[in-house]
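# Results of the structural survey
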Amino acid sequence: MKTKQSFVVLISLLAMLSLILVACGGGDAAPSNDSGDSAAASDSSGEAVELTYALWDSAQQPAYEACATEFQKDHPNISIKIEQSGWDDYWSTIQTGMVAGNAPDVFTDHLAKYPEFAEKGQIVDIQPLVEQDDVPTDIYIGELADLWTRDGKRYGLPKDWDTIAIFYNKAMLEKAGIDPAVMNDWTWNPKDGGTFEETIAQLSIDANGNNGLSPDFDKDNVVQYGFIHGGQGNGYGQTQWSWMAVPNGFKFQDELWGDKFHYDDPKLAETLEWYHGLMEKGYAPPYPDVKSLGGAALFQAEKGAMTSEGSWNIKNYVDNSNFEVGFGKLPIGPEGRKSMFNGLADSIYIGSEHQAEAWEWVKFLSSQTCQDIVGEYAVVFPAIQSGVDKALAAHEANGLDVSAFTEQALDPEGTFLFPVADNASEITTIMAQTEEQIYLGQTDDVAGTLKAANDEVNALFQ
Amino acid sequence: MATSADVVQTESQATWLKPWLTRETGMAWLFILPSLIGFIVFYAVPAVRGLFISFTDWDLLTESQFVGLDNYARLVSDTAFWQSLGVTLGYVVINIAIQTVLAILIAVLMDRLAKSIVVRGVLILPYLLSNVVVGLLWLWMLDPTLGIINAFLTYIGIGRQPFLGSPDQAIASIAWINIWRHMGYTALLVFAGLQTIPKDVYEAASIDGASEWRTFWGITLPLLRPVLVFVLVITVIGSFQVFDTIAVTTQGGPANATRVIVWYIAEFAFDRFDMGYATTISVALFLILAVVTFIQMRVMRAGESDL
């Protein structure tokens with residue numbers, strides 16, 4: 001009896017150990033094809049080939065299906081299978097795919113992710129192919145193409161770009177008697193928030209109908225927030241705070257690929273203190289309120305008047321809001337009006353069995369033909385100007401004024417680049433936790449907290 | 001594995017094989033075979049392999065390097081690990097305490113009062129939903145601004161609660177979600193245990209004029225003990241491994257308030273690609289569970305019955 005019992009216990013213990021471990025154990029190191037040189041573009045024979053192409057934004061899928069149809073006219077032997085999954089699932093699918101050796105042949109890549117894939121030899125250096133086929137890399141807006149190169153190697157060709165702007169609820173502004181034109185020259189600073197904070201206060205309304213400028217404003221009983229923040233920003237604050245911190249003099253790193261971060265800069269600390277202050281003053285929802293479902297859900301449920309968002313979300317907000325959404329310019333900070341300028345590209349998986357065909361598809365995706373098609377769907381702004389013009393025309397036909405995004409992108413002083421660096425996934429983990437502590441008011445010493453996090457981040461590069 | 005099957009057919013010669021070859025043992029092996037294969041392929045082999053990985057530095061994609069006990073040294077001095085262990089313990093205590101009490105109550109109710117199949121069915125209904133669905137359901141219901149529960153709390157005058165969004169309430173909220181999902185199922189296990197208690201003991205009690213309350217403490221609970229040990233061992237192990245509800249609702253936040261140990265493992269394995277350290281924490285969790293289970297069995301005298 002006794003021994004049997006212990007045997008059962010032993011078995012069940014073993015069972016649960018492996019339950020824990022099995023998830024971590026799978027797979028051998030990925031196939032060790034060393035580079036993409038083997039992919040000679042000329043050998044696209046007539047043999048029927050199916051390529052898998054992965055993307056995370058379901059709103060963009062129709063556009064790329066249209067591109068695939070167009071592509072097949074010239075490449076009847078290549079069919080494209082598009083796989084879409086949401087942002088979080090997307091990256092775990094790609095990574096486990098690489099471990100198992102069956103990642104998609106071509107996939108939409110992000111600046112925060114590709115350095116690790118490149119370092120671990122998982123994506124093809126396409127520079128030799130670009131040279132071999134004389135593919136122009138200067139047709140893209142700004143420095144988009146350069147973001148994807150390192151030490152003479154190239155890991156993707158640009159497909160689109162994005163900037164940040166203020167999304168607002170037209171009806172709420174109208175009711176408060178605010179002309180959206182104020183956004184053309186409103187200002188922000190970390191001390192008193194400038195006219196940006198004034199407008200936010202005016203749009204914050206408590207249960208008694210007082211707005212945030214009134215001394216009677218009850219910050220514990222707010223029915224309409226002036227500004228809905230997007231929560232924590234994973235250490236990049238792309239839509240959340242980078243457009244305040246950088247114009248305030250903050251620099252993420254000294255140059256692209258820099259191995260030293262400056263999260264300890266007091267300029268960032270005062271920006272995040274102001275950002276947290278909005279929540280304290282009742283002008284923005286407390287952090288727990290946006291933690292679960294996110295700022296977008298609150299904005300679309302008409303709980304607040306304004307939010308900061310990226311151009312890739314225009315369609316999402318317009319389609320999911322039962323009110324008219326407008327797009328205004330970012331406030332002018334101490335050093336001007338600046339938005340992060342970020343772009344996506346398509347990368348080829350090194351384990352793909354059809355690298356020649358994959359290269360043909362990547363070439364097509366980055367061509368004017370495909371980008372014009374993508375532009376017509378007006379979900380994102382393509383990386384080539386003619387595609388942008390198509391997108392603008394399509395937005396205009398829908399009655400949307402999206403000039404806040406394009407003017408920002410075209411202003412030579414109006415953008416800064418996404419901080420491309422190694423160790424991005426660890427930086428994200430460290431900074432996301434740090435930001436949460438700040439927004440939850442768990443630290444009195446914001447500068448000290450950021451200093452500690454920055455030391456941890458910089459230690460990654462030692 | 002084929003041999004055991006062959007053995008059943010070829011009535012044997014060697015005498016030392018005799019005890020193995022009786023009809024019953026052969027049949028037993030046949031019955032065990034399917035789960036044995038699964039156990040070896042999916043549990044035993046990965047477990048041993050995991051142990052090896054814990055001595056290496058491995059990022060999944062490049063060659064792994066043997067680092068000896070480095071990962072274990074790191075574990076001991078890793079304050080975040082101990083913090084996550086604390087979070088997990090908090091969760092287990094809330095989860096198990098409330099869930100077990102509720103489950104026993106429900107089981108006794110099912111046994112003594114609610115004999116209807118429909119009522120009994122409804123009680124285990126939450127368990128039939130997938131964890132992800134349950135997580136999403138409660139995520140929306142508990143939302144600070146848009147959730148129905150806060151609409152209700154405001155209506156009755158208690159005021160809005162941040163629940164999953166607040167570091168103070170998040171772990172209790174998650175514990176509650178899992179209590180809600182599992183209590184019916186746990187009650188069912190306890191209920192099965194109740195069926196094994198002979199009815200004449202109850203009759204004797206009622207002849208002696210014992211109250212329902214006295215009967216419960218004097219008869220039901222002591223005689224239920226072996227089943228309760230089993231239920232506790234299973235639920236405590238499951239509770240220590242909570243993951244999916246957290247993945248759906250809080251992702252370890254806010255500010256690490258729900259970063260339980262399995263989430264911490266996943267963070268290293270799949271966010272930071274530090275497979276060696278992730279498996280080291282897994283091994284630590286295994287040892288902790290082994291000790292906890294051993295103590296439970298000892299303290300509660302699992303092998304004995306008072307009947």
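Keep in mind it's a predicted model, so treat the numbers as computed, not measured.

On to the environment of A:Pro334, then. All names here are of chain A. Considering the arrangement of structural elements, one finds Pro 334 in the loop between strand S11 (325-328) and strand S12 (339-348). Sequence separation between Pro 334 and Gln 224 is 110 residues; the distance between their C-alpha atoms is 28 Å. Non-local contacts of Pro 334, meaning those with residues more than four positions away in its chain, are made with Trp 188, Asn 189, Pro 190, Pro 247 and Asn 248.

A word on the environment of A:Thr69. Position of A:Thr69 among the secondary structure elements: in helix H2 (residues 61-74). Within the local environment of A:Thr69, its side chain forms a polar contact with the backbone oxygen of A:Glu65, the two atoms lying 2.9 Å apart.

Before going further, it helps to spend a moment on the state of the cysteines. Residues and elements named next belong to chain A. By the definition in use, this model includes one disulfide over all chains. Residue Cys 67 pairs covalently with Cys 370 via a disulfide, S to S 2.2 Å. Handedness of the Cys 67-Cys 370 disulfide follows from its S-S torsion of about 105°: it is right-handed. With Cys 67 in helix H2 and Cys 370 in helix H14 (residues 368-376), the pair connects residues that are 303 residues apart, well separated along the chain. Exposure class is identical for Cys 67 and Cys 370. Each is buried.

As a further point, take the nonpolar core. Among the nonpolar cores identified, the biggest contains 189 residues, and A:Phe107, A:Trp241, A:Met306 and A:Trp361 are the most heavily contacted of them. In terms of residue count, the dominant contributor to this core is helix H15 (residues 275-299) of chain B (eight residues).

All names here are of chain A. By domain assignment, chain A separates into domain 1 (46-161 + 343-404) and domain 2 (164-341 + 417-459). Using C-alpha coordinates to define each centre, domain 1 is positioned 30 Å away from domain 2. The interface formed by domain 1 and domain 2 includes one salt bridge. Note that Arg 150 and Asp 422 form a salt bridge whose closest N and O atoms lie 3.1 Å from each other. Between domain 1 and domain 2 we count three residue pairs in polar contact (both at pLDDT 80 or more) in total. Breaking the side of domain 1 that touches domain 2 down by element, the ones donating at least two residues are helix H4 (114-119) and strand S4 (149-150). With three residues, H4 is the single largest residue contributor to the side of domain 1 that touches domain 2. Residue composition of the side of domain 1 that touches domain 2, by class: 14 nonpolar, four polar and four charged.

Definitions and cut-offs
Residues numbered from 1 in each chain as written. Chains lettered and ligands numbered in written order. Predicted model: local features only at pLDDT ≥ 70, side-chain atom pairs only at ≥ 80, totals over all residues. Heavy atoms only, no water. Helix = DSSP H or I, 4+ residues; strand = E, 2+ residues; numbered from the N terminus. Contact = heavy atoms within 4.5 Å. Polar contact = N/O pair within 3.5 Å; in protein donor to acceptor, adjacent residues only side chain to side chain. Disulfide = S-S within 2.5 Å. Buried < 20%, exposed > 50% of the residue type's maximum accessible area, 1.4 Å probe, protein only. Core = buried A, V, L, I, M, F, W, Y, C linked by side-chain atoms within 4.5 Å. Domains from an automatic or database assignment. Salt bridge = Lys/Arg side-chain N within 4 Å of Asp/Glu carboxyl O. Nonpolar A, V, L, I, M, F, W, Y, C, P; charged D, E, K, R; others polar.

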